[in-house]
Amino acid sequence: MRLKNALLIVTACLAAPLWAYGQSLPDSLELPPEEQFHLFLLVGQSNMAGRGEVEEQDRVAHPRVLAFTQDQQWAPAVDPIHFDKPSAGVGLGRGFGIELAARDSSITIGLIPAAVGGSALAAWEPGGRHPQTGTYPYDDAIRRARRALQDGTLKGILWHQGESDSQPERARLYSTRFHALIKRFRQDLGNPNLPFLIGKLGQFPDHPWSDARKLVGAAHEGAPKTVPYTAVVPSMGLTHNGDGVHFDAASLRAFGRRYADVYLAMQPDLPALRPSFLLVPEGPVQLCLGYYQSEDEARAQLERFSESYATLDEWKARAMRIREAILRGANLFPFPERTPLRPLFHNKREHDGYSVENVAFESLPGVFVTGSLYRPTRGEGPYAGILSPHGHWNEPGNYGRFRPNMQKRAATLARMGAVVLTYDMVGYGELREVGWTHDHPKTLSLQLWNSIRAVDFLTSLDEIDPARIAVTGASGGGTQSFLLSAVEDRVAVSVPVVQISAHFFGGCVCESGLPIHKSAAHETNNVEIAALAAPRPQLVISDGDDWTKNTPEVEFPYIQSVYRLYGAEDRVANIHLPDEGHDYGYSKRIGAYAFLAKHLGLSLETITAPDGSIDESGIVIEPSEALHVFDVDHPMPAHLIKTNDGVRW
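Residues numbered from 1 in each chain as written. Predicted model: local features only at pLDDT ≥ 70, side-chain atom pairs only at ≥ 80, totals over all residues. Heavy atoms only, no water.

Time to look at empty space enclosed by the protein. Counted by the stated rule, this structure contains two cavities of 30 Å³ or more. Reported here for the largest cavity is a volume of approximately 100 Å³. Along its surface, the largest cavity is lined by 13 residues, and Phe368, Met425, Val426, Gly427 and Leu431 are the ones closest to its centre. When residues of the lining of the largest cavity are traced back to their parent elements, those giving at least two are strand S10 (367-376) and helix H10 (443-460). No other element matches the four residues that S10 contributes to the lining of the largest cavity. When its volume is computed, the second largest cavity comes out at roughly 60 Å³. (1 Å grid on protein atoms, 1.4 Å probe; cavity = no way out; pocket = protein on both sides within 12 Å on 5 of 7 lines; lining within 4 Å. Points joined across faces, edges and corners; volume = space filled by probe spheres on them. Helix = DSSP H or I, 4+ residues; strand = E, 2+ residues; numbered from the N terminus.)

Helix length check: helix H11 (residues 476-487) (twelve residues) gives 17 Å between terminal C-alpha atoms against 16 Å at 1.5 Å per residue, within 8%. Most of H11 is tucked away, with twelve of its twelve residues classed as buried. Of all the residues in H11, the buried ones are Gly476, Gly477, Gly478, Thr479, Gln480, Ser481, Phe482, Leu483, Leu484, Ser485, Ala486 and Val487. (Expected span 1.5 Å × (residues − 1). Buried < 20%, exposed > 50% of the residue type's maximum accessible area, 1.4 Å probe, protein only.)

Quick look at the layout of surface pockets now. By volume, the second largest pocket amounts to about 360 Å³. Around the second largest pocket, the lining is made up of 16 residues, and of these Ile98, Glu99, Ala102, Arg257 and Met320 lie nearest the centre. Of all elements in the fold, only helix H2 (93-103), helix H6 (249-265) and helix H8 (312-329) reach the threshold of two or more residues within the lining of the second largest pocket. The element that contributes the greatest number of residues to the lining of the second largest pocket is H2, accounting for five residues. Its residues assigned to classes, the lining of the second largest pocket shows five nonpolar, three polar and eight charged. (Nonpolar A, V, L, I, M, F, W, Y, C, P; charged D, E, K, R; others polar.)

Spelled out as structure tokens, the structure:
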């Protein structure tokens, strides 16, 4: 083994320490064998060098991701790994390295930082000088790469550059000079087939491209058509740090992972390193609405998805991508600030074995989520907490959370020993009367955020056990259930009812009105989104008279295969009722009661009749007016926002 100032591949039982950037390591530490030390040259200008704000997470060393320091020593890759300017910060290289290391535990990644902020293409020619820093970017990059090659094997070049050439005269020459640059790098580094990854320039809606930048972008896009072993990494959906030029830190971390996905997609001989999601062509936002595809197309899509991973680690990587893409598509990445909930509690009523109280909380300042809180009146806490979102039932007498079925379900679960929150969808309930509407372009974003804050609300109650949180709803409430479970790890158990389908994506803006299923960087469907709950217990309830009719043969086997990767097949189940329709009726409820009792520690005995049947008798179905939070005695707060357009994120 070769002794260097480098990081030993730390065994899994040791915690990765925090090292200061550039600190030399003890001579007794060893580098891995050259064939297991995969090196990548990072070149271009400031977005490759990184201008993101460094946070604590960026300074946590990964035991198998190293960076080549300014003084040509190997050290842990903690940001900033570049040193071109004092403004160097979070870049995309570290995220790229961590992603590759996560996909293959047998390799160590070595990053060779050589980007220079503000460097035009002319500085990336032999002898080219960058006046601003007084450096020679191309010559320095080749020199550093050759020195690093004494320790490992060069596997690829990561390039992001073009902003400085987005000027009319330079842009017209860019394509020819750029293709020559790729060839020259490969010649000077002794590998004519060296993978060359090209990151697209930032595509920020508030900073549209000039004609010159479009020429540079076209040169990037055109390279793979004429230059072998090159690929373009999409940048759609990434955001800038406020200057319209540089990606922010979160986007650079995500961009690095995209580079890793594209690199792996270029390796057909590495089946163990398949990309974690299926890359789709970059273009306009594509919504998957309603019956987006046929049943046969849905089966084929699930088969394609299953071919993109084979191990638990590969699924976890894919799941991370899907989860991030959902949040990005819903405009919740990163999350908004968790502002104070300021909960309201009114008019508590006592019934047989349970109580009901009108409640509300603020998911955002002035945005009130209204609902009903059902509590057990027997036993002692801490109690499990269950969220009960409703679907798109909007007929008088069968409306939203006021529906008799909703009240029966919540009251019965409270009798079993759970605290249950039923809450209104956006634009439903009493707030509809003051101006809120459900059919709004941002309903999906706010509704998902409301559900996340509903978890905050439940877990803020003293009597709640935060380790026993569940969610269950039907139809549109089923969509809310599996979306929340996908992005919120605090949900321990989920029971989505009559909604999970591979060919139907939801017919409402709250389900498919934003690009949560398909974008430039991902493709998924509701089956996979539901599978993100694994390995947490999940019950899928389906019927024979709606889009869930194929669940036992199509949707459930796919979800079950994901649970199998975790060794958790016993935690997922399907109740299929082929002779029933689209509802959360009695037979569906009794299945949910049993599953929730098993996994939340609830009591079925309290609701079981002498003949063994589930007894929902004695539950009081209250009129909708009694369930209103705001009334004459409890007027709406003055700062309550009364329309969707009044929301300020």
